[in-house]
Amino acid sequence: MNNSVVTEFVLLGLTNTWELEIFFFFIFLLAYAAIVAGNFLIVVTVTFDSHLYSTPMYFLLGNLSFLDMCISTITTPKMVTDFLKENKTISLWGCMAQMFFLHFLGGSEMTLLIVMAVDRYIAICKPLHYTSIMNRRVLMGSVLLSWAVGFVHTMSQMVFTINLPFCGPNIVDDIFCDLPLVLKLACTETYVLELLVTADSGLLSFICFILLLISYTVILVTVRRRSSGGLSKALSTLSAHITVVTLFFGPIIFIYAWPFSSFSVDKFLSVFYSIITPLLNPIIYTLRNQEMKAAISRVKTKHTHRIKWY
């Protein structure tokens, strides 16, 4: 890094048109406010409602919302403020930090989604053993494991990236620092490292996505064999999980593993990953979930009574 000439990168963003930048500024500002409000509401509700906090599915959901809120916070505020700037720059170390936390949190969320799939399998296919298997110790261990996997995932790539020399072009054609695009700007051969990133992020995401779809298929087939009436209930429960899994893994697979993905497509998929997915998650899990809405009402009523008492 001492030999690097480049001290900052230029982010091209979504557009160069001033009118569109103002439009995107207000749209993404409102979207980010909704992301923080929606996911924070889920975290607070799960934390302060004893019933949800003791339920494994909602405990994991609270952690998922926290990760979504953090992922959006890493990219969206910078992107929103850049819409008002003519020079959209980010420091070299700021870029490195952005990539580190994106892959850290993304790897953690990837693992957490697998844990949620296992939780649904045990709840639906082994209901009599559910409470003994998914106990508090297992839940805490699963969450810690997801964070550990995310840390290993990001370190396996950033430990090589952080020492690369950057002495030439410094333009990143995206809304935030994306690892494949930044690697192409290094003043050295990065072919092997690019293959590592593709294998680490792309193939890992694709394999996890396929395994999750297989696990959900096994659950539905198992329920259908046992009871035709239970199939509709299980499908209703799993539909939210399948939707979130598809929304999360879809953009990642296209960005890192799809061979025909162009930079312009990557840019809009980056928006989808940092804005759309974190925004849809609380909508999917709250507006159609009666138990969550009831818990929000309980927490609100309890908080209101405390305010009146004081």
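No experiment lies behind these values; they were computed from the predicted model shown. (Residues numbered from 1 in each chain as written. Predicted model: local features only at pLDDT ≥ 70, side-chain atom pairs only at ≥ 80, totals over all residues. Heavy atoms only, no water.)

A. Just helix α3 (residues 56-82), in detail. For α3, built from 27 residues, the straight-helix expectation of 39 Å at 1.5 Å per residue is met to within 8% by its first-to-last C-alpha distance of 40 Å. Along α3, the largest kink reaches about 35° and is centred on Thr73; proline Pro77 follows within four residues of it. Of all 27 residues in α3, 21 are buried; the element is thus mostly enclosed. (Helix = DSSP H or I, 4+ residues; strand = E, 2+ residues; numbered from the N terminus. Expected span 1.5 Å × (residues − 1). Bend = angle between axes of the 7 residues up to and from the residue. Buried < 20%, exposed > 50% of the residue type's maximum accessible area, 1.4 Å probe, protein only.)

B. Spatial organisation of the pairing of strand β1 (residues 8-11). Side chains of β1 alternate between two faces, with Phe9 and Leu11 buried and Glu8 and Val10 left unburied. When β1 meets strand β2 (residues 89-91), the two strands line up antiparallel, connected through three bridges. Its bridge partner being in β2, Val10 is matched across the sheet by Thr89. (Pairing = 2+ DSSP bridges.)

C. Local environment of the sheet that holds β2. Spatially, β2-β1-β3 is the arrangement adopted by the three strands of the open sheet, whose pairing is mixed. Strands with a single pairing partner mark the edges of an open sheet, and in this sheet they are β2 and β3 (171-172). Of the pairings in the sheet, the one linking β1 to β3 comprises two bridges and is parallel in character. Within β3, the residue paired with Leu11 across the bridge is Val172. Each of β1 and β2 touches helix α4 (residues 92-125); the most contacted strand, β2, lies at about 85° to it. (Contact = heavy atoms within 4.5 Å. Axes fitted to C-alpha atoms, helices over the stretch in contact; angles between N-to-C directions.)

D. Summary view of the packing of α3 against helix α6 (residues 136-161). Following both chains from N to C, one finds α3 and α6 inclined at 20°, their axes separated by 11 Å at the closest point. As far as their axial angle goes, α6 and α3 are roughly parallel. Where α3 crosses over α6, the handedness of that crossing is right-handed. For the pair α3 and α6, contact is made by Pro56, Phe59, Leu60, Asn63, Phe66 and Leu67 and by Arg136, Leu139, Met140, Val143 and Trp147, respectively. Class assignment for the residues of the contact of α3 with α6 results in nine nonpolar, one polar and one charged. (Parallel < 35°, antiparallel > 145°, perpendicular 65-115°, else oblique. Left-handed = near helix turned anticlockwise from the far one by under 90°. Nonpolar A, V, L, I, M, F, W, Y, C, P; charged D, E, K, R; others polar.)

E. Broad picture of the UniProt feature "transmembrane region" (unreviewed entry) in the protein chain. Under the feature "transmembrane region" (unreviewed entry), the UniProt entry names residues 22-46, 58-76, 96-118, 138-156, 203-223, 235-258 and 270-288. Each end of residues 138-156 is marked by a C-alpha atom, and these two atoms are 26 Å apart; helix forms 100% of the span and strand 0%. (UniProt positions renumbered as here; feature names shortened; annotations may be inferred.)

F. Layout of the state of the cysteines. Per the counting criterion, the structure on display carries two disulfides. One disulfide in the model links Cys95 with Cys177; its S-S distance is 2.1 Å. Disulfide Cys95 to Cys177: torsion about the S-S bond roughly -125°, handedness left-handed. Of the two residues, Cys95 sits in helix α4 while Cys177 sits in the loop between β3 and α7 (179-183), which places them 82 residues apart along the sequence. (Disulfide = S-S within 2.5 Å.)

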